[in-house]
Amino acid sequence: MASGGKPKLTGFKGAVTKETQAEKKQAEQQLFTYAELNSTPPTWLKGTAKSEWNRLVPLLKKDTPISELDRNTLVSYCNTSALIIDCQKEINAHGSFTESGKKSSYLITQQQAQRDLKGFATSLGLTLESRAKLEYGKAKNTTPDDGFKDLLA
């Protein structure tokens, strides 16, 4: 949300009436009524996972309706991100393949973790794709101001 405003919902399709706009605004405001995410990372989150938590939480709280309901998804994202880094360190030290030419267990784990991470990232709005969908929906659901329409109404 580069605009600095609150995120917009994308679930409204078709002509945007004043009634639809009011419903949309109410639904958007409702997203911010859930219990706010506690910024303190879980005590058992360590190392790289904790660093990722501390990096992401301020960014998420700035522009998204992140809440305590999202806590486990965020923890999973942070742990998976740390796992990918740990696997990469092992791959750097020992290589991607075993002596017999098979993928190393670190490479297999890392590849699965990368797939998992994308799912968590999409759920949290952390991918370019998910942010683009939000912005596209916002642009699509915004009707240009028409001064004559108000005069005719």
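These figures come from a predicted structure and were not determined experimentally.

What counts and how
- Residues numbered from 1 in each chain as written.
- Predicted model: local features only at pLDDT ≥ 70, side-chain atom pairs only at ≥ 80, totals over all residues.
- Heavy atoms only, no water.
- Helix = DSSP H or I, 4+ residues; strand = E, 2+ residues; numbered from the N terminus.
- Buried < 20%, exposed > 50% of the residue type's maximum accessible area, 1.4 Å probe, protein only.
- Contact = heavy atoms within 4.5 Å.
- Salt bridge = Lys/Arg side-chain N within 4 Å of Asp/Glu carboxyl O.
- Expected span 1.5 Å × (residues − 1).

## Digging into the environment of Thr122
Thinking step 1. Relative to the assigned elements, Thr122 resides in helix H4 (residues 105–124).
Thinking step 2. With a relative accessible area of 38%, Thr122 lands in the partly exposed category.
Thinking step 3. When near neighbours in sequence (up to four residues on either side) are disregarded, Thr122 contacts Thr127 and Ser130.

## Quick word on the pattern of salt bridges
Thinking step 1. Within the structure shown, the criterion is met by 4 salt bridges.
Thinking step 2. Across the salt bridge formed by Glu36 and Lys61, the nearest N and O atoms sit 2.9 Å from each other. A residue pair is termed long-range when its members are at least 10 positions apart, and Glu36 in the loop between helix H1 (18–31) and helix H2 (47–63) and Lys61 in helix H2 qualify at 25 residues.
Thinking step 3. Judged by relative accessible area, Lys61 falls into the partly exposed class, the value being 27%.

## Focus on helix H3 (residues 71–94)
Thinking step 1. End to end, H3 covers 35 Å across 24 residues, agreeing with the expected 34 Å (1.5 Å per residue, within 8%).
Thinking step 2. Of the residues making up H3, those classed as buried are Arg71, Leu74, Val75, Tyr77, Cys78, Thr80, Ser81, Ala82, Ile84, Cys87 and Ile91.
Thinking step 3. One or two residues past the end of H3 sits Gly95, with phi positive at roughly 95 degrees.

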